[in-house]
Amino acid sequence: MPTTMIAFVEQQQRLVSDGDAEPGDDGQEYVGELDVAAAGDIALAAQDFGRMVFIPPATLLRPSTTDDVVRAVCVARCSSRLTVAARGNGHSVGGQAMARGGVVLDMRRLGPPMELVRCGGVAADVPAGALWEEVLEWGVRNHGMAPTSWTDYLGLTVGGTLSNGGISGQAFRHGPQVANVAELEVVTGDGERRVCSPSLCSDLFFAALGGLGQFGVITRARIPLVPAPKMVRWIRVVYKGFEEYAGDAEWLVTRADSEAFDYVEGFAFVNDLSDPVNGWGSVPILPGSVFEPAKIPAESEPILYCLELALHHNHRGAAGVDERAKEMMWPLRYMRGLVFAADVSYVDFLSRVGRAEEEARANGTWATPHPWLNILVSSSDIADFDRTVFKRVLRRGVGGPMLVYPLLRSKWDPRMSVAVPESEVFYLVALLRFIAPRAGDAALEEAVAQNREIIGCCRSKGYDFKVYIPHYENEADWVRHFGRDWARFVERKRRYDPVAILAPGQTIFARARPPAAAAP
């Protein structure tokens, strides 16, 4: 099984390998067997939310059934060069859901509709192309139930996040989304439709979870549900120092469930009024709330920190919630004059990033490049990361949120494909950059250079870290990323996608020739 990497060239322009189909090669005759989308739709599939690469496929297919997915994979497998990439809502930032000269599957129309199932508990059978916001609305409105683990932004597909991880402030208690799945339906690279779970075809089940689409196209997921709370006490508190912030955050995520918040996140922000995105104004929860800078000590540094907490309840303004929140917060070392709180509905709380999306669409930044970087950094290295990265490289912000909050390794099943640091406590650092509409190429180049500087810093200092939603340029980086699990990753690829048809945009494996028996 070849493990040669598809190379990158400078400035993210791709070098075509033997696994890429170009117009006129013998893979194109098979495209005619599929339903070819309009040229405009195909062009749409050549870009993603990152808007930094343009990689046109041969065709875009909108499967409505799993059988459609099977057919597309089988057609590609019988060709010598075609590849297949599953595209959810196109929210990748580096071309991960693209297939140069291949077949892109737009999963949004995939059926059947969501269905409630009762088998050892209550769960939802969900098509992989459903958005998490659709799962939330369907579950709460129709059944008063919801999953326990979410992402911050709900405009992502179920199959997309399960192929990567799925992280939000509930993960310290319930684990990431990949740890909250009872069953999957997967179409593997040999064109087989398989149902898998922890007890049925378990190796494929765990391979697909966090597997970057390398082992199969997820077409359906069974997601356990619990009764949904009605309300959320949403709280933000401000810290002047990272030591106190990180210490309190780690204390909170290691409490027993009976003593824990339902959600713990946080972010770094610029100690400045003039920055509307990264400054003081990013902290208040409700419109009209005022951030009082007089409460900040004069000796404070350029970067401050906001701890974000949530407590579920079922009664608006219940006195018991006030008492419980006060009791849980009294040991924390935040600046007492900078506390923001609100009672909001459970659905509104989970949908909070949707409002930021509306603002970004209105001001044009949703349509600009997004050189996002997500890193998982060990707790033993996070203080030095703060000194080196937040306080030096990013002291002026990134034009978007700078998330930093702790997670627990014990909530991630080691049988899954996703790679995490060795430390029991590690931090998600998410640098969600938005380039201003008129900033020009120089701003994008600077942001990309900063990202490279940050990764270089993590390596040179020997941090225990992993890039989350990785996209590397060479095989050595992938080997380093997976570490001792690289051999398992390669073996799973050989087992489930032996000619490397699937997810070519991840640039891990090159397309191989089909075996003689598969030739038409």
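Rules used in this analysis
Residues numbered from 1 in each chain as written. Predicted model: local features only at pLDDT ≥ 70, side-chain atom pairs only at ≥ 80, totals over all residues. Heavy atoms only, no water. Pairing = 2+ DSSP bridges. Helix = DSSP H or I, 4+ residues; strand = E, 2+ residues; numbered from the N terminus. Axes fitted to C-alpha atoms, helices over the stretch in contact; angles between N-to-C directions. Contact = heavy atoms within 4.5 Å. Buried < 20%, exposed > 50% of the residue type's maximum accessible area, 1.4 Å probe, protein only.

Engineer: What exactly am I supposed to notice about the sheet that holds strand β1 (residues 59-61) here?
Structural biologist: Backbone hydrogen bonds are what pair the strands of a sheet, in a parallel or an antiparallel way. Within the open sheet, the three strands sit side by side as β1-β3-β2. Their pairing is parallel. Only two strands of the sheet have a single partner each, and these edge strands are β1 and β2 (84-87). The average angle at which neighbouring strand axes cross in this sheet is 25 degrees, direction not considered. By the bridge criterion, three bridges tie β1 to strand β3 (residues 103-106) in an arrangement that is parallel. Paired with Thr59 across the two strands is Val103, which belongs to β3. Contacting β1, β2 and β3, helix α3 (residues 66-78) runs over the sheet at an angle of about 150 degrees to β2.

Engineer: How do you make sense of the sheet that holds strand β14 (residues 339-345) when you look at a structure like this?
Structural biologist: Spatially, β14-β11-β13-β12-β16-β17-β15-β18 is the arrangement adopted by the eight strands of the open sheet, whose pairing is antiparallel. Of all the strands in the sheet, the pair left with one neighbour each is β14 and β18 (465-467). Between one strand and the next, the sheet's axes are offset by a mean angle of 20 degrees, whatever the strand orientation. Bridge analysis of strand β16 (residues 402-408) against strand β17 (residues 425-431) gives seven bridges, and the strand direction is antiparallel. When the bridges of β17 are listed, Tyr405 appears paired with Leu428.

Engineer: How should the pairing of β16 be read in this particular structure?
Structural biologist: The side chains of a regular strand alternate between both faces of the sheet. When you tally the buried positions in β16, you get seven out of seven residues, the bulk of the element. Burial along β16 is two-sided: the residues Met402, Val404, Pro406 and Leu408 and Leu403, Tyr405 and Leu407 are all buried. With two bridges joining them, strand β12 (residues 263-270) and β16 adopt antiparallel strand pairing. Following the sheet pairing, Ala268 is matched in β16 by Met402.

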